[in-house]
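# Structure at a glance
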Amino acid sequence: MANLFKSKVGWKIIKVGLFEMKVIIQGFGICDYCNKSMEEGNLILVLNQIYCDSCYNRFDNDSRYYAEDVSYENKVFEYYKSILKIVV
Ligand SMILES: [Zn+2]
């Protein structure tokens, strides 16, 4: 079940399971950073990429918040919000 949360610096992240990754998003369940297969993924909307927990933790610790990227993040969020049926 898709679960929306925010990273330490405030980016919107959607936690998804295998069903969402493979059936709804039509991906492969593979981390976009390390290429390992994963049971759950962290959809980083501002990057439009999905990371495993380990790669996400590094992103969470190292990323910075850039206000100029929020409009792009929101555009990506609207797409995933509709296909994953996220209620905010
Ligand atoms: Zn990874």
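Scroll up for the structure.
Scope of this entry: the structure provided in the associated data block. (Residues numbered from 1 in each chain as written. Predicted model: local features only at pLDDT ≥ 70, side-chain atom pairs only at ≥ 80, totals over all residues.)

What follows is about the overall build of the protein. From N to C terminus, the protein includes three helices and four strands. Reading the helices (α) and strands (β) of the protein from amino to carboxyl end gives β-β-α-β-β-α-α. The principal-axis extents of the C-alpha atoms in the protein amount to approximately 30 × 25 × 15 Å. Within the protein, counting contacts between residues at least 6 apart in sequence, those at least 24 apart form 48% of the total. (Helix = DSSP H or I, 4+ residues; strand = E, 2+ residues; numbered from the N terminus. Contact = placed C-beta atoms within 7 Å.)

It is worth spelling out helix H3 (residues 70–84) at this point. The end-to-end C-alpha distance of H3 is 20 Å, a good match for the 21 Å that 15 residues give at a rise of 1.5 Å each. A positive phi of about 55° marks Lys85, the residue just after H3. (Expected span 1.5 Å × (residues − 1).)

Let us now look at the environment of Glu20. By the secondary structure assignment, Glu20 is in helix H1 (residues 18–24). Classification of Glu20 by C-beta neighbours within 10 Å gives buried; the count is 23. For the pair Glu20 and Ala2, spaced 18 residues apart in the sequence, the C-alpha separation amounts to 7.3 Å. Not counting residues up to four positions away in its chain, the partners in contact with Glu20 are Ala2, Ile25 and Leu84. (Buried ≥ 20, exposed ≤ 12 C-beta atoms within 10 Å, placed from the backbone.)

Another point: the sheet that holds strand S2 (residues 12–17). Backbone-to-backbone hydrogen bonds join strands into a sheet, with any given pair of strands oriented parallel or antiparallel. Within the open sheet, the four strands sit side by side as S1-S2-S3-S4. Their pairing is antiparallel. Looking at strand neighbours, the two that pair on one side only are strand S1 (3–6) and strand S4 (49–51), the edges of this open sheet. Strand-to-strand twist of the sheet, defined as the mean angle between neighbouring strand axes without regard to direction, takes the value 30°. Bridging between S2 and strand S3 (residues 40–44) involves five bridges; their strand directions are antiparallel. Along S3, the bridge assignment pairs Val16 with Gly41. (Pairing = 2+ DSSP bridges. Axes fitted to C-alpha atoms, helices over the stretch in contact; angles between N-to-C directions.)

Our focus in this paragraph is the nonpolar core. Residues Ile14, Cys31, Leu43, Ile44, Leu45, Tyr51 and Cys52 are the most contacted members of the largest nonpolar core, which totals 17 residues. Looking at this core, the element that brings in the most residues is S2, giving three residues. In contact with Ile44, other than residues within four places in its own chain, are Trp11, Ile13, Gln49, Tyr51 and Phe59. (Core = buried A, V, L, I, M, F, W, Y, C linked by C-beta atoms within 7 Å.)

Across the five residues of S3, four count as buried, placing the element largely inside the fold. Pairing of S3 with S4 involves three bridges; the strand directions are antiparallel. Paired with Ile44 across the two strands is Gln49, which belongs to S4. In this antiparallel pair of consecutive strands, S3 and S4, the connection spans four residues, and Asn48 shows a positive phi of 50°.

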